[in-house]
Amino acid sequence: MINYMLDGKKALVTGGTRGIGREIVLAMARCGADVAFTYRSSREHADSLVAELESMGRIGLALQSDAADSAGSAAAVQTVIERFTRLDILVNNAGITKDNLLMRMSEDEWDDVIATNLKSVFNFTKAASRQMMSQRAGKIVNITSVVGVIGNAGQSNYVASKAGVIGFTKSIAKELSSRNIQVNGVAPGFVDTDMTHGLNDKQKEAILSVIPMKRTAQPAEIAEVVCFLASSGANYMTGQILCVDGGMAM
Ligand SMILES: NC(=O)c1ccc[n+]([C@@H]2O[C@H](COP(=O)([O-])OP(=O)(O)OC[C@H]3O[C@@H](n4cnc5c(N)ncnc54)[C@H](OP(=O)(O)O)[C@@H]3O)[C@@H](O)[C@H]2O)c1
């Protein structure tokens, strides 16, 4: 693994306890950053991740906070700034699925997914960019999905949320570019996490058949690209969405 230089950087990752978020937290710490992360309910995972960060010689800060809640999200960002004195990197990663065909999809399934996956990105970006604007520097990386680019039957709520994140990323990149804040997105394909473990063999076979590389991704393969976008190596990139998808979207 390449280690991008994030020495002394202060980062915040939403949804850091499991899956892709956890790998992003660990990868950033390996690159030299102190890392705060939020989670919704998995306290034990949060505690063990903080211990792992501390064993690496980094500061780890776990915050229980529902990313869909505006006031709670603003308070979480404030806590991070008070503890770290600055905020260099925000990764909007928290996300859920509640899949259903449109005709069977309930209003709650629609609302929950939009609030957790899209409104959360507004919540955290607004709170963090205030600090980054005063610093005149910052990197924001939004985790979207390849299905937000190409669509997917049975996931209209999720796809709408992820396509929304893509539009939001490009708009905010334009708004914040003059303040030296770069805003980019990563669109993973199918990644081996709790989110995809519930798929049955038939669904997995169908997915593999549309991936040119014929395999799913490991969370670390997504984290690597996030670290690149958060590093000075990506200083001249903004408003971009990088598909990390084994060739699915091409
Ligand atoms: N897995 C894939 O194939 C795939 C593909 C493309 C994009 N993505 C995107 O990548 C991101 C991470 O997915 P994943 O597969 O790693 O999911 P995951 O394994 O299910 O982990 C989700 C993480 O988000 C947190 N979270 C969920 N709802 C939250 C909320 N309301 N507030 C705060 N934290 C919340 C969870 O916290 P708790 O542990 O407390 O529940 C957990 O840490 C998501 O945005 C997802 O849409 C995933």
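Structure: see above.
Conventions used here
- Residues numbered from 1 in each chain as written.
- Predicted model: local features only at pLDDT ≥ 70, side-chain atom pairs only at ≥ 80, totals over all residues.
- Heavy atoms only, no water.
- Buried < 20%, exposed > 50% of the residue type's maximum accessible area, 1.4 Å probe, protein only.
- Helix = DSSP H or I, 4+ residues; strand = E, 2+ residues; numbered from the N terminus.
- Pairing = 2+ DSSP bridges.
- Right-handed = clockwise from strand over helix to strand, strands pointing away.
- Axes fitted to C-alpha atoms, helices over the stretch in contact; angles between N-to-C directions.
- Left-handed = near helix turned anticlockwise from the far one by under 90°.
- Contact = heavy atoms within 4.5 Å.
- Nonpolar A, V, L, I, M, F, W, Y, C, P; charged D, E, K, R; others polar.
- Phe/Tyr/Trp six-rings, centres within 6.5 Å; stacked < 30°, edge-to-face > 60°.
- Lys NZ or Arg CZ within 6 Å of the ring centre and 35° of its normal.
- Near = heavy atom within 4 Å.
- Polar contact = N/O pair within 3.5 Å; in protein donor to acceptor, adjacent residues only side chain to side chain.
- Areas by Shrake-Rupley, 256 points an atom, 1.4 Å probe, with all protein chains shown as cover.
- Core = buried A, V, L, I, M, F, W, Y, C linked by side-chain atoms within 4.5 Å.
- Parallel < 35°, antiparallel > 145°, perpendicular 65-115°, else oblique.

> Sorry if this is basic, but what is going on with the pairing of strand β5 (residues 138-143) here?
Looking down a regular strand, the side chains alternate between one sheet face and the other. Of all six residues in β5, six are buried; the element is thus mostly enclosed. The alternating pattern of β5 places Gly138, Ile140 and Asn142 on one face and Lys139, Val141 and Ile143 on the opposite face, and all of these are buried. Pairing between strand β4 (residues 89-92) and β5: four bridges, direction parallel. Directly across from Ile89, in β5, lies its bridge partner Lys139. For the crossover from β4 across helix α4 (residues 107-135) to β5, the handedness is right-handed.

> Looking at this structure, how should I read the packing of helix α3 (residues 70-84) against α4?
Any two packed helices are characterised by how steeply their axes cross, that is the angle between the axes, and by the distance between the axes. It is at 9 Å that the axes of α3 and α4 come closest, and there the two elements cross at 35°. Judged by the twist between their axes, the crossing of α3 over α4 is right-handed. Counted together, Ser70, Ser73, Ala74, Ala76, Val77 and Ile81 of α3 and Lys119, Asn123, Phe124, Ala127, Ala128 and Gln131 of α4 form the full contact between these two elements. When the residues that make up the contact of α3 with α4 are grouped by side-chain class, the tally is seven nonpolar, four polar and one charged.

> I'm lost on the packing of aromatic side chains in this one. Help?
Inspection of the entire model under this criterion finds one aromatic pair. An angle of 50° between the planes, with centres 5.8 Å apart, marks the rings of Tyr4 and Phe228 as tilted. Placement of Tyr4 in the segment before β1 (10-13) and of Phe228 in helix α9 (residues 219-230) is noted, with a sequence separation of 224 residues between them. Phe228 gets classed as partly exposed once you look at its relative accessible area, which sits at 22%. A cation over a ring is seen here: Lys10 above Phe84, with NZ or CZ 5.6 Å from the ring centre.

> I tried to follow the environment of Leu199 on my own but got confused; where do I start?
With respect to the helices and strands, the residue Leu199 is situated in the loop between α7 (194-197) and α8 (201-209). In this structure Leu199 comes out as partly exposed when scored by relative accessible area, which is 23%. Excluding residues that lie within four positions of it along the chain, Leu199 makes contacts with Lys204 and Ile207.

> I'm lost on the environment of Val141 in this one. Help?
In this structure, Val141 sits in strand β5. Considered as a pair, Val141 and Asn93 are 48 residues apart in the sequence and their alpha carbons are 8.4 Å apart.

> Would you mind going over the site of the ligand with me for this structure?
Inspection of the region around the ligand gives 31 residues, with Thr17, Ser41, Ser42, Tyr158 and Thr193 positioned closest. Between an oxygen atom of the ligand and a main-chain N or O atom of Ser41, the distance comes to 2.6 Å. In the environment of the ligand, an oxygen atom lies 2.8 Å from a nitrogen or oxygen atom belonging to the side chain of Lys162. Look at the ligand: alone it shows 910 Å² of surface, and the protein chains cover 97% of it. Going through the elements one at a time, α1 (19-30), α6 (156-176) and α7 are the ones with two or more residues in the shell around the ligand.

> Would you explain the side chain of Thr193 in this entry?
Inspection of the secondary structure puts Thr193 in the loop between β6 (181-188) and α7. With relative accessibility at 10%, the residue Thr193 sits in the buried group. Aside from chain neighbours lying at most four places away, what touches Thr193 is Gly19, Ile20 and Pro219.

> In this structure, what is going on with the nonpolar core? I would like to understand it.
Generally speaking, a soluble globular protein has its nonpolar side chains buried in company with each other. Counting 35 residues, the largest nonpolar core has Ile24, Met28, Phe37, Val91, Val186 and Val226 as the members making the most contacts within it. Where this core is concerned, the elements lending two or more residues are β1, α1, β2 (34-39), α2 (43-55), β4, β5 and α9. In terms of nonpolar packing, the next biggest core, distinct from the first, is built from 26 residues, Phe84, Leu87, Ala127 and Val183 among them.

> Is there a simple way to think about the packing of α1 against α2 in this case?
Closest axis-to-axis distance for the α1/α2 pair is 10 Å, and the angle between their directions is 15°. On the basis of the axis angle, α1 is roughly parallel to α2. Between α1 and α2 the crossing geometry is right-handed. Each of Arg22, Val25, Leu26 and Ala29 in α1 lies in contact with α2, whose residues at this interface are Leu49, Glu52 and Leu53. Of the residues contributing to the contact of α1 with α2, the split by class is five nonpolar, no polar and two charged.

> Just checking my understanding: could you explain the environment of Glu175 for this structure?
In this structure, Glu175 sits in helix α6. By relative accessible area, Glu175 is classed as exposed at 57%. Once the C-alpha coordinates of Glu175 and Ala249 are considered, the two residues, 74 residues apart in sequence, prove to be 27 Å apart.

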